[in-house]
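Structural description and commentary
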Amino acid sequence: RNATCNDCHVPHENAVKKWFFKGMDGMRHASVFMMRGEPQVIQAIDESAEVIMNNCIRCHTQLNTEFVNTGRIDHEMAMAGEGKACWDCHREVPHGGMNSLSSTPNALVPYPKSVSPDWLKDMLSK
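These notes cover the structure that comes with them.

So, the environment of D88
Along the polypeptide, D88 turns up in helix α6 (residues 86-89). Look at D88 and you get partly exposed, because its relative accessible area is 44%. Residues D88 and A78, 10 residues apart in the sequence, show an inter-C-alpha distance of 9.9 Å. Within polar-contact distance, the side chain of D88 engages the backbone nitrogen of A85 at 2.9 Å.

Here it is in C-alpha cells:
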C-alpha cells in the first residue's frame with residue numbers, strides 16, 4: 001500500500017547496481033515502446049523477476065522466516081522448481097487487485113459487440 005515502483009522494481013544492494021539496472025531496464029523499455037513492441041499485458045523478464053522477488057524477500061524477511069516459514073527460497077530456486085515465486089500465491093497484491101490485466105495475463109475475454117462505445121454512437125446519431 002505504501003510502496004513505490006522503485007521499492008519493488010530496482011535492486012537495493014548498492015547504488016551502482018541500482019542505477020545500472022535502472023539504466024539498462026529503462027533503455028529496454030524505451031526501445032520496446034518506441035518500436036511498438038509491447039504486449040497488451042507486460043510481464044517481467046527474468047532479470048526483473050529476480051529483482052522483484054529479492055525485494056519481496058528483503059521487505060518481508062521476518063514474516064517469511066519467523067512466522068510463516070515460507071521465505072527460505074530465492075528466485076533461482078523457484079525457477080528451478082524447488083518452490084514457488086512470491087507472485088504464484090500473491091498475484092493480486094502488487095498492482096491493485098484482480099481487475100488488472102497483469103493478474104490474468106493469458107485470459108481469453110469476449111470481444112465487445114462493437115468497437116464504438118454506446119455514448120459515442122448516441123452522440124453521432126443525434
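Some points on unusual backbone geometry
One non-glycine residue, R36, lies in the positive phi region at around 55°. Looking at where R36 falls in the secondary structure, it is placed in the loop between α2 (15-34) and α3 (46-59).

Brief notes about the environment of K18
Turning to its location among the elements, K18 is positioned in helix α2. Residues K18 and N6 lie 12 residues apart in sequence; the distance between their C-alpha atoms is 9.5 Å. Ignoring sequence-local partners within four residues, the contact set of K18 consists of V10 and P11.

Section: α3
Taking 1.5 Å of rise per residue, 14 residues should cover 20 Å, and α3 covers 20 Å from first to last C-alpha, within 8% of that figure. The set of residues buried in α3 consists of S48, A49, V51, I52, M53 and N55. Taken together, the buried residues of α3 touch α1 (5-9), α2, α5 (75-79) and α6.

How each quantity is defined
Residues numbered from 1 in each chain as written. Predicted model: local features only at pLDDT ≥ 70, side-chain atom pairs only at ≥ 80, totals over all residues. Heavy atoms only, no water. Helix = DSSP H or I, 4+ residues; strand = E, 2+ residues; numbered from the N terminus. Buried < 20%, exposed > 50% of the residue type's maximum accessible area, 1.4 Å probe, protein only. Polar contact = N/O pair within 3.5 Å; in protein donor to acceptor, adjacent residues only side chain to side chain. Contact = heavy atoms within 4.5 Å. Expected span 1.5 Å × (residues − 1).

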